[in-house]
Amino acid sequence: MAVDGRCCVLLSVLCSVVWPLSPPAPAPAPGNEVPLRPSVLLTAGRVTPIHLPPGRPRRLYFTLHGDSTAFSVAVSPCDGPVHWSLIARTQHSKSAWTLHWGEKKSMPEVWWKSSGSETRLHSYTGNSMDTYTAAHSAPGSLYVLKLQSGELDTRAFVYLQEGAGPVGAFPELPPDPRVHTVGVGMTSVTLAWSPSPSVLRPSQKSYHYCVLANQRHNYRSLCAAKEAARKEREREREREREREREREREKATVKPFVKAWWWQQWDASELGLGGLAVTSSVGAAVVRHVCSSEESVCTVSELAPDTQYYFDVFVVDRANGTSAAYTGTFAHTHPEPRPAVLPLGEGELLRVSLGGGGAVQLLSFRPRGWQQSALLTLQSCSTGAVQLTISSRGQQLASQLLTQEVAQVWLQGMPSYLVQLETPPTASTPAAAAVKIQASSAYHRQTAPLLPASLQLKSFNKLRGCRSVTLAWLGTEERSLYCVYRRRLGKGKARGGAEDSCAGPESRSNAERVLCKYFQELNPRRAVTTATIGGLEPGVAYLFDVYLMRPWGIPVRYHSRAVRTRQEC
């Protein structure tokens, strides 16, 4: 496409102008030529974000006004370590100031190709904000700021200030920038730190503190925390998409995913809001943060017990969107108080009392013999539910809900076992609950002993007489002793039973026992035994109980049966 001749004349006039002492940003090189060192002129008094690809250095250039006596350069890395250095290049002659800008040359290239000396003023490597302040003693110098990231694709924020004094774009830190732990509880930690001079100024109302707590590590900048949140959100979205694909493949309904990071909806705009912001989640990234506070004491609550947390404090300037980080700390919350562990003796029969919902009782048992086998027999003595959990060396081995039926748990292979009894806090548990428990080594057994298939006690109407009744119940394949007890009920009563479901033969008098017999049947379909109880009175209701007596474990009581003898025969 043809170019107007007047445009060519205008361009030639503009290119012949001599540049002043503080050159503006150069235009890009025409044609296909790429400058040897891409030039970015750093503007004073403005925070400049710089993108740092891994392994690729970035250079920024700046000059100072002739009346400047001092200057400061501040570099704040985001989420990775950055190496930066500052070089001053001084010209030996004034030829560089009189050179005309050619159409294929940028200002920094003219400086690099002219004669001069270089002086390295400062260098730093790390992920914390670093500031260099010096006197401007060479008015004709060109300053070169070189930044490079190691392995991460990250960002850095650069600020140039002409003149003496603190760097105004970033909040000031006190002489002691450490965060101190002044109190640690089970679910809370109290922190304190020296106030920032920026917050103490009465004329400045744009500064506040942000307190961050997490279970991973300390952050050296607020930008690093937000960048970690962004990456975690991306990973969560990818996991959510994978779950959606899995649900489509399986065509099944799963529970909705619970976000793992508290800052999933935390962005830069929240830093400008007043009030208190507290968010929580589950998992290893459980954190809390408190922003928009001007107090130098903070209590972070709703933490998990017996957990290590890392705490960071940032002073934030809402006007510039910058922040400065205190030196973080960490603390381990106190564990929950655990009840005393009650030892279980060999073959000892215990009755453990529990309080209302949420009560916990721990018991320990160490079996005898090299087989390390243990048989636990348990029974709930109340109508409320009691949760049983058995573990060893931090590994859960068994868990079940206890009822009024006898439960047996066979354990093997561990030197000791920890038994936890707990009344669920959400269950309709009475004010007090009780559990009957017995533990034995049982090293002569390979499995738990058999229990009857049914604990129903049956009476036969045709075999019911005026002075005798016949009862039947199921037995087991193992030879065991069965004892029958009777109790006379009052007139007009045809039902009754012991109020305590854990009451065993030891609670009955010898006068109530009418007979005991051994029984064994190898064929489980024929494992039925009967007993005829005589010596009764006509027309009287009796309550019968049958107990399965064993050399170990809790005696098993069949369901009580009320039977009335015939009045006339």
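Note that this is a predicted model, so its numbers are computed, not measured.

Cut-offs used in this document
- Residues numbered from 1 in each chain as written.
- Predicted model: local features only at pLDDT ≥ 70, side-chain atom pairs only at ≥ 80, totals over all residues.
- Heavy atoms only, no water.
- Disulfide = S-S within 2.5 Å.
- Helix = DSSP H or I, 4+ residues; strand = E, 2+ residues; numbered from the N terminus.
- Buried < 20%, exposed > 50% of the residue type's maximum accessible area, 1.4 Å probe, protein only.
- Phe/Tyr/Trp six-rings, centres within 6.5 Å; stacked < 30°, edge-to-face > 60°.
- 1 Å grid on protein atoms, 1.4 Å probe; cavity = no way out; pocket = protein on both sides within 12 Å on 5 of 7 lines; lining within 4 Å.
- Points joined across faces, edges and corners; volume = space filled by probe spheres on them.
- Nonpolar A, V, L, I, M, F, W, Y, C, P; charged D, E, K, R; others polar.
- Expected span 1.5 Å × (residues − 1).
- Contact = heavy atoms within 4.5 Å.
- Salt bridge = Lys/Arg side-chain N within 4 Å of Asp/Glu carboxyl O.
- Core = buried A, V, L, I, M, F, W, Y, C linked by side-chain atoms within 4.5 Å.
- Pairing = 2+ DSSP bridges.
- Axes fitted to C-alpha atoms, helices over the stretch in contact; angles between N-to-C directions.
- pLDDT = per-residue confidence, 0-100.

1. Description of the state of the cysteines
- Under the definition given, this model contains 4 disulfides.
- One disulfide in the model links Cys381 with Cys502; its S-S distance is 1.8 Å. Sign of the S-S torsion, about -100 degrees for the bond between Cys381 and Cys502, identifies this disulfide as left-handed. Separated by 121 residues along the polypeptide, Cys381 in the loop between strand 20 (373–380) and strand 21 (386–392) and Cys502 in the loop between strand 28 (480–488) and strand 29 (513–519) bring together distant segments of the chain. Neither residue differs from the other here; Cys381 and Cys502 are each classed as buried.

2. Remarks on the packing of aromatic side chains
- Enumeration according to the criterion identifies 14 aromatic pairs in this entry.
- Relative to Tyr132, the ring of Phe71 lies with its centre 6.3 Å away and its plane at 65 degrees, an arrangement referred to as edge-to-face. Placement of Phe71 in strand 3 (residues 70–77) and of Tyr132 in strand 6 (residues 130–135) is noted, with a sequence separation of 61 residues between them. Across this residue pair, the class does not change: Phe71 and Tyr132 are buried.

3. Things to note about empty space enclosed by the protein
- Within this structure, the stated rule accounts for 1 cavity of 30 Å³ or more.
- Roughly 40 Å³ of internal volume is contained in the largest cavity.
- Looking at the lining of the largest cavity residue by residue, the class counts come to 5 nonpolar, 3 polar and 2 charged.

4. Structural notes on helix 5 (residues 222–250)
- With 29 residues, helix 5 should reach 42 Å at 1.5 Å per residue; the first-to-last C-alpha distance of 41 Å fits that figure.
- Among the residues of helix 5, those classed as buried are Leu222, Cys223, Ala224, Ala225, Glu227, Ala228, Ala229, Glu232, Glu236 and Arg247.
- Where the residues of helix 5 are buried, they touch strand 8 (154–162), strand 11 (207–214), strand 14 (308–317) and strand 15 (322–325).

5. So, the pattern of salt bridges
- The final tally for this structure, using the stated rule, is 20 salt bridges.
- The salt bridge involving Arg247 is made with Glu244; its shortest N-O contact spans 2.4 Å. Placement of the pair is Arg247 and Glu244 together in helix 5, with a separation of 3 residues, close to one helical turn.
- Accessibility expressed as a relative area gives 18% for Arg247, which makes it buried.

6. Focus on the environment of Gln91
- Within the fold, Gln91 resides in strand 4 (residues 82–91).
- Here Gln91 falls in the buried class, since its relative accessible area comes to 11%.
- Between the C-alpha atoms of Gln91 and Glu118, which are 27 residues apart in sequence, the distance is 9.1 Å.

7. Overview of the nonpolar core
- By size, the foremost hydrophobic cluster in this structure holds 24 residues, and its most contacted members are Leu376, Leu378, Leu388, Ile390, Leu402 and Leu421.
- Where this core is concerned, the elements lending two or more residues are strand 18 (349–354), strand 19 (360–365), strand 20, strand 21, strand 23 (407–412), strand 24 (417–422) and strand 25 (433–440).
- With 4 residues, strand 25 is the single largest residue contributor to this core.
- Each residue touching Leu388, except ones within four places of it in the same chain, is listed here: Leu378, Ala398, Ser399, Gln400, Leu402, Val409, Val419, Gln420 and Leu421.

8. Let's talk about the sheet that holds strand 9 (residues 179–184)
- Pairing is antiparallel in the open sheet, where 3 strands are placed in the order 9-10-13. The outermost strands of the open sheet, each flanked by one partner alone, are strand 9 and strand 13 (297–300). Here the strands of the sheet are splayed against their neighbours by 25 degrees on average, with no regard to which way each runs.

9. Focus on unusual backbone geometry
- Phi is positive for Glu302, close to 60 degrees, though the residue is something other than glycine.
- One can find Glu302 in the loop between strand 13 and strand 14.
- The backbone of Arg393 sits at a positive phi, close to 55 degrees, despite the residue not being glycine.
- Looking at where Arg393 falls in the secondary structure, it is placed in the loop between strand 21 and strand 22 (395–402).

10. Brief notes about the confidence of the model for the protein
- Per-residue pLDDT for the protein has a mean of 79; in total, 78% of the residues score no lower than 70.
- Note that pLDDT drops below 50 for residues 96–105; the model gives that stretch 26 contacts with residues more than four away or on any other chain.
- Per-residue pLDDT stays below 50 along residues 252–286; that stretch engages in 82 contacts with residues further than four places along the chain or on separate chains.

11. A short note on the sheet that holds strand 30 (residues 528–533)
- Strand order in the open sheet formed by 3 strands is 26-27-30, and the pairing between neighbours is antiparallel. Of all the strands in the sheet, the pair left with one neighbour each is strand 26 (458–459) and strand 30.
- Inspection of the sheet shows strand 27 (residues 469–474) paired to strand 30 by 6 bridges, in the antiparallel sense. Bridge pairing in strand 30 links Trp473 to Thr529.

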